Amino acid sequence: MSTLAGWKPNATYPDPPEQGDRSRLERFIDAMLATGQTGQVFGEHGIGKTSTFLSSIPRAHPGTEVVLVPAANLTPDDLLVNAPVRTERGELALRQLIMRQLSPGRPFVLLIDDSLQAGETIQSQLMQVACNWTLGEHDLRALGCVGVFLTDNESVAETGARRADLAVLDRMVTLRITANDTAWRRHLADRHAGWDLTEVFRIWAGLSPYLRHLLSPRTLEHVLDCAREGFPLHWGLPLLNGARVALAEPRDGGSPGADRTGEILGRIAAAVGAANPHQVADPVRRILRAAVRNRWAVLLQGPPGCGKTEITKQVVTEEIGRPPVYFSLPVTNVEDLCVPVPAPDGTLDVLVTRALLGPGPKVLVWDEYNRPKDRSAFARLMEVTQEWSLAGRPIPGLRAQVALQNPPYHLGRKLLVSSNNVAQASRFTVSYEVRPDDIPANQWLIDTYGEVAETVLEWWKNDIDDEGRQWVTKRTLERLIKLHQVGEPLESGLIYLGDGEYAPIPLSGLRHRLSGRRSLGLRDLAAEVDTWEARLAAAAEHDEGTADSDTVHQIFANAEVSQLREHIEVVARLLPHLPPKLRATYLVGQAEDKQRLWVDAFAMIAT
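Residues numbered from 1 in each chain as written. Predicted model: local features only at pLDDT ≥ 70, side-chain atom pairs only at ≥ 80, totals over all residues. Heavy atoms only, no water.

1. What to know about the overall build of the protein chain
Thought 1: Looking only at helices and strands, one finds 26 helices and 26 strands in the protein chain.
Thought 2: Seen through its C-alpha atoms, the protein chain measures out along the principal axes to roughly 95 × 60 × 50 Å.
Thought 3: The buried share of the protein chain, taken over its 607 residues, is 52%.
Thought 4: Summarising the internal contacts of the protein chain: among those between residues at least 6 apart in sequence, 71% fall at separations of at least 24.
Thought 5: When the 65 positive and 76 negative side-chain charges of the protein chain are each reduced to one mean point, those points stand 3 Å apart. (Helix = DSSP H or I, 4+ residues; strand = E, 2+ residues; numbered from the N terminus. Buried < 20%, exposed > 50% of the residue type's maximum accessible area, 1.4 Å probe, protein only. Contact = heavy atoms within 4.5 Å. Lys, Arg positive; Asp, Glu negative; His and termini not counted. Charge placed at Lys NZ, Arg CZ, Asp CG, Glu CD.)

In C-alpha cells form, the structure reads like this:
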C-alpha cells in the first residue's frame, strides 16, 4: 500500500501513515471530486474542517487550487455585480461580472465556508452555485471549477438559517463529521514536530463530549502554542463575552460544575514537558513580541485607559521597524477596507486600502474590537482575523494581528460592547485579560512629565486602595498632571459619571503631596542615607525587621526603574539590611528591565 504524499516524519508520527489511513473527510473530498457532486459538510467549529480542505486537496490533487469563500463575511456585490460594458459594436450593455477568485485560470475547488451564516441574498447566490455550479450567467465548470463544497456548523448559537427547501437539499451529498473525521491530529503533530503529542491526544480523547467541545482542536492548538512560548496555558482558552472559558461540566440544572481547567491543562503541560506558570513578567510585551514572531492573532482585553493601545503601537514599532496598521472599529466602514470594482478582464476585482498593500511587514491593530460600527464592517474584520485575507486576497507581509477591547463590565458598570460566540472567540492564539500593572505606563509618565509625575504616582500607589486605582487609570493620571501644571482644579480630571457626580476618589492626599508636603520617597532616603542605613542596621537585629524595614521595602517596590537606577548606590547600601524574605521579592516575577536593575544592585553589594 502506498504512503501519504508529502509526509514529513515528526515525534508523534515517526513513520508516514499509509494511504488508507486518511481521514474520513479527506476520503469524502476525493469521492466528491471523482463523481462531480456537490458536497455539504456539517461539523462543530474548530475541528479542522477548513484546514483539512486546504491541506488535503493540493496534496492529493497537484495543480488544483482551493478557492475559499467565507460566506459569513460576504456582501451581495462581492460575488456578482451588473456593470455597463461596451459591446463589440460599441453599444452599452449590462454584463454580470463575477469575482476574480472564481476565474483563477486553472482547475479549482470552490469551498464555501459557513454558508448558513450568510445573509438572505448571499444564500440565494450560493444555492445557485451549489445546485448548478453556476453563478448568474457564468458556468463555473467553464472557468475551471472541478468541485463545490459547503461547510457549516449546525449550532443554532452560531448560524442564522436552516436549509429546508427539498429542491436544494436533493442536489447535495451531505456528511456530518466530528473531530475524529478530520486531519487535525496530523496538523498539530506537524506544527509541533519535536513534541510527541500521543499523550495529549489521549488526554483529549478521554474528556467528555462537552469538554471536547470547549477544548476544540483549534483551542488545543492555541494551548500548545502557549506552552511552546512558556506562557500560562489558560491564555489559549478564549474569552467568551469577556469571560475566560472554563473547562467545567454543566450540572443537571444548567449551572457549571467543578472547574477542571487547571487539572486538564496541567496534564497537557506535563505530557509535553512544558511549564505552566500562573503568570509571567511583563506579559503584554511578551505576548505582542510572540505574536509578531509566530504570526499570531492575539486579543488583549483590559479596562479603559490602561494603556493597551499605546504599548501595542510601541512594541510593534520596535519589532517591525514601522507603526502598525491601525483601525478603530467604531469609525471603520467597509469602504475603509475594500471596494469592489470592475476589472478590464471582465471580472469583479477589489480595491484594497493602501495601508494593506506593499510587501513590507505589517501588523494589524483592531482597536475597540467589540465595538464595531456595523455588522458589515465586522464581517470584513472576521475574514481578516480568520483567514488573514481581505475579499479573498491574502494580505502581503502580514506578520500579526492584535485585537484590543474592553470587558463588558468595569467597576460595576456595563460598557456598550457587543457579544461574541465561541467560534469567533476561539480565533485568537492568546486571549489575555490585561491588568493595570501589566503595562509600564508609569515610566512613560515620569519620562514625559518629570518630578510632578513621580509625586502623582506616589499618591496613586500609596494613598488610594485597589478599587480607587481602578477608577484612576493611567489616562486619568495624565489629565491630573496636566491640570496641576496649569493650575486648574483637579476634580475635573476625574471620570465624570453624570448629574454632577465624579469618580469617588478623594484628592486631598494628592493636593497635600503636590503642595510640597511630601511623604517619604526614594529621594528622601537618598538625602539621609546615613541615617537610614543606621536605622535599618538596628532593624536587622530582628528576624522580621521593623517598621523601618517595611517602609524602605515599600519605597523600593513602588519605585520605577529610572528612579532606582538614579539612586542605585543608595539602594545598594540599604539593601543588605533588609530581611532576606523581602530581598528575595525583588528578583521574582519582575519585568526584564527591573530584574536587571536588581541584579546590578546585588552585584554592587558583592563587590
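2. A short note on the sheet that holds strand E15 (residues 325–328)
Thought 1: The strand order across the open sheet formed by five strands is E15-E18-E21-E14-E24, and the pairing between neighbours is parallel. Across the chains shown, the open sheet's two edge strands, defined by having one partner strand only, are E15 and strand E24 (430–433). Averaged over all pairs of adjacent strands, the angle between strand axes in this sheet comes to 15°, irrespective of strand direction.
Thought 2: Note: strand E18 (residues 362–367) against strand E21 (residues 398–405), five bridges, orientation parallel. Counterpart to Val 363 in the pairing with E21 is Ala 400. (Pairing = 2+ DSSP bridges. Axes fitted to C-alpha atoms, helices over the stretch in contact; angles between N-to-C directions.)

3. Remarks on the pattern of salt bridges
Thought 1: Taken as a whole and judged by the stated rule, the model has 31 salt bridges.
Thought 2: The partner of Arg 535 in a salt bridge is Asp 548, with the nearest N and O atoms 2.8 Å apart. Taken as a pair, Arg 535 in helix H21 (residues 529–539) and Asp 548 in helix H22 (residues 547–558) lie far apart in primary sequence, 13 residues in all.
Thought 3: By relative accessible area, Arg 535 is classed as partly exposed at 36%. (Salt bridge = Lys/Arg side-chain N within 4 Å of Asp/Glu carboxyl O.)

4. So, the nonpolar core
Side chains that are nonpolar tend, in soluble globular proteins, to be buried together.
Thought 1: Counting residues in hydrophobic clusters, the biggest one holds 43 residues, and the most contacted among them are Phe 149, Leu 215, Leu 220 and Ile 268.
Thought 2: When residues no more than four places from it in sequence are discounted, the contact partners of Leu 215 are Trp 204, Leu 207, Leu 220, Val 223, Leu 237, Leu 247, Ile 264 and Ile 268. (Core = buried A, V, L, I, M, F, W, Y, C linked by side-chain atoms within 4.5 Å.)

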